[in-house]
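Listed below are the residues making up each chain.
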Amino acid sequence: AALSSYLGTVEAERSARLSLIAGVASSYYSARALAEQADFSRKTQISREENLKLVKGKVAAGSANRLDLLQAESLVDSARVSTADLERQAETARNALDLLVGEPVKLPEVSGKDLKELPVAPHLPAGIDSSVLLNRPDVLSAEASLRAANANIGAARAAFFPRITLAGSAGTASNELGDLFSNGTRAWSFVPSISLPIFDGGRLRANLDSRDADYDLAVSQYNKSLVKALSDVS
């Protein structure tokens, strides 16, 4: 049980590391994409502000009416709101990336071409079997926890067996074994040299029930990890 629990913690550490790597990659792409969108929105805002100046000139010259001016102003306001929102999102994404990495991350200059050239995940080959998911560290961790819980049940049940010495130093039956069925009754006979679980006030029974509950929980957690693995792939 201890070995399985240790192996479970090793796999949990691997799972945490992979999750961190995936989180950093996802945050990096999000920060780059939002920075590019914010830059594009700023350019749109500048373009609409230039257009507003032209419309104002046309209104002053009498070649455009009040409605044209209101529409141009509305487009500028909309662009300003969009720019402010995207800049906020980009800053939030950058802060999230810095938090995951543990230090400020310098992003490249905004460029749609650079962003498009970033590597993407390869496509899964056709016909790949779902058994590969059994290699996921979170699944392996849950499996190790399940083995540990199962071993703990075995230990709890074994505690019901009387702990005595079977053989003496000369290879003959020990006194403890001989006294276990004294007077030929073939029934338990309590003597101080034997530790019998019947006299523990139900502690071992409660311990076994607790281990059974732990095992049921471990089965549930293992099933949950498999469902999550399939869900992630989907």
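All chains use their own residue numbering, which begins from 1 and follows the written sequence. Given that the model is predicted, a residue must reach a pLDDT of at least 70 before its local features are reported, and side-chain atom pairs must reach 80 or more before they are shown or counted; all residues, however, enter totals for whole chains, interfaces and linings. No hydrogens and no water enter the side-chain calculation; it runs on all heavy atoms of the structure.

Colleague: Break down the overall build of the protein for me, with residues and values.
Modeller: Summing up its helical and strand segments, the protein has six helices and zero strands in all. A run of H or I in DSSP becomes a helix once it reaches four residues, and a run of E becomes a strand once it reaches two; helices and strands are each numbered from the N terminus. Along the protein, from the amino end to the carboxyl end, the secondary structure elements read α-α-α-α-α-α. Exposure classes here rest on a 1.4 Å probe applied to the protein chains alone. A residue is buried below 20% of its type maximum, exposed above 50%, and partly exposed in between. Classification of the 234 residues of the protein by burial places 25% in the buried group. Summarising the internal contacts of the protein: among those between residues at least 6 apart in sequence, 73% fall at separations of at least 24. Each accessible area is a Shrake-Rupley result for a 1.4 Å probe, and residues are judged covered by the shown protein chains and nothing else. For the protein, the accessible surface area stands at approximately 15900 Å², while carbon and sulfur atoms represent 58% of it. Two residues qualify as a contact provided that any one of their heavy atoms is within 4.5 Å of a heavy atom in the partner residue.

Colleague: Tell me what's going on with the packing of helix 1 (residues 2–61) against helix 2 (residues 66–101), and back it up with residues and numbers.
Modeller: Working note: a packed helix pair is described by the angle between its axes plus the distance between those axes. Lines fitted to the C-alpha atoms define the axes, with helices restricted to the stretch that makes contact. Angles between their N-to-C directions range from 0 to 180 degrees. Look at helix 1 against helix 2: their axes get within 7 Å of each other, and the N-to-C directions meet at 160°. In terms of axis orientation, helix 1 runs roughly antiparallel to helix 2. For the pair helix 1 and helix 2, the crossing hand works out as left-handed. Each residue receives one of three labels: charged for Asp, Glu, Lys and Arg, nonpolar for Ala, Val, Leu, Ile, Met, Phe, Trp, Tyr, Cys and Pro, and polar for the others, Gly being one of them. Broken down by class, the residue content of the contact of helix 1 with helix 2 amounts to 21 nonpolar, 11 polar and nine charged. Any angle that falls under 35 degrees is termed roughly parallel, while one over 145 is termed roughly antiparallel, one within 65 to 115 roughly perpendicular, and all others oblique. Rotating anticlockwise by less than a right angle from the far helix to the near helix defines a left-handed crossing, while the corresponding clockwise rotation defines a right-handed one.

Colleague: So what's going on with the pattern of salt bridges? Which residues, and what values?
Modeller: Salt bridge, as used here, is a side-chain nitrogen of Lys or Arg placed within 4 Å of a carboxyl oxygen of Asp or Glu. Enumeration over the complete set of coordinates arrives at 11 salt bridges. Across the salt bridge formed by Arg-136 and Asp-138, the nearest N and O atoms sit 2.7 Å from each other. One connected set of salt bridges, linked through shared partners, spans Asp-39, Arg-42, Lys-43 and Glu-87.

Colleague: Now, about the side chain of Ser-4: what can you tell me, with residues and values included?
Modeller: Summarising the element assignment, Ser-4 is placed in helix 1. Those residues within four positions of Ser-4 in sequence are excluded, and the remaining contacts are Ala-144, Arg-147 and Ala-148.

Colleague: Account for the side chain of Gln-45, naming residues and giving values.
Modeller: With respect to the helices and strands, the residue Gln-45 is situated in helix 1. Pairs of N or O atoms are called polar contacts if they sit within 3.5 Å, as long as, within protein, a hydrogen donor faces a hydrogen acceptor (for residues adjacent in sequence, only side-chain-to-side-chain pairs). Side chain to side chain, Gln-45 and Thr-83 meet in a polar contact 3.2 Å long. With residues up to four places along the chain from it excluded, the contact list for Gln-45 reads Ala-79, Arg-80 and Thr-83.

Colleague: Mind laying out the confidence of the model for the protein, listing which residues take part and the relevant values?
Modeller: Chain-level statistics for the protein give a pLDDT mean of 80 and a share of 79% at 70 or above. Taken as a whole, residues 185–193 scores under 50 in pLDDT and shows 13 contacts with residues more than four places along the chain or in a different chain. How sure the predictor is of each residue is captured by pLDDT, a score from 0 to 100.

Colleague: How would you explain the packing of helix 1 against helix 4 (residues 137–158) if you had to name every residue and give the values?
Modeller: Helix 4 packs onto helix 1 with a crossing angle of 165° between their chain directions and a minimal axis gap of 8 Å. One element, helix 1, and the other, helix 4, form an angle in the roughly antiparallel class. Seen from above, helix 1 lies across helix 4 with left-handed handedness. Residues Ser-4, Ser-5, Leu-7, Gly-8, Glu-11, Ala-12, Arg-14, Ser-15 and Leu-18 of helix 1 lie in contact with helix 4, whose contacting residues are Pro-137, Asp-138, Leu-140, Ser-141, Ala-144, Arg-147 and Ala-148. Residue classes in the contact of helix 1 with helix 4 are distributed as seven nonpolar, five polar and four charged.

Colleague: How would you explain the packing of aromatic side chains if you had to name every residue and give the values?
Modeller: Stacked, tilted and edge-to-face are the three classes applied to pairs of Phe, Tyr and Trp rings, where Trp contributes its six-membered ring and a pair requires centres within 6.5 Å; stacked means planes under 30 degrees apart, edge-to-face means over 60, and tilted covers the rest. Scanning all chains against the criterion turns up one aromatic pair. Centroid distance Tyr-28 to Tyr-29: 6.3 Å. Interplanar angle 90°. Geometry classified as edge-to-face. A residue is classified by how much of its surface remains accessible, and Tyr-28, at 22% relative accessible area, is partly exposed.

Colleague: Explain helix 6 (residues 203–233) to me, using residue names and the numbers behind them.
Modeller: Helices are assigned an expected span. That span is 1.5 Å times one less than the residue count. Taking 1.5 Å of rise per residue, the 31 residues of helix 6 would be expected to cover 45 Å, and the 45 Å separating its terminal C-alpha atoms lies within 8% of that figure. When we look at burial in helix 6, the residues that qualify are Leu-204, Leu-208, Ala-218, Tyr-222, Ser-225 and Ala-229.

Colleague: I'd like to hear about the nonpolar core, residue by residue, with values.
Modeller: In this description, a nonpolar core means a group of buried Ala, Val, Leu, Ile, Met, Phe, Trp, Tyr and Cys residues linked to one another through side-chain atoms lying within 4.5 Å. In terms of nonpolar packing, the biggest core is built from nine residues, these being Ala-31, Leu-34, Ala-38, Leu-86, Ala-90, Ala-93, Leu-97, Val-105 and Leu-107. Secondary structure elements with two or more residues in this core: helix 1 and helix 2. The element that contributes the greatest number of residues to this core is helix 2, accounting for four residues. With eight residues, the next largest nonpolar core counts Leu-133, Val-139, Ala-218 and Tyr-222 among its residues.

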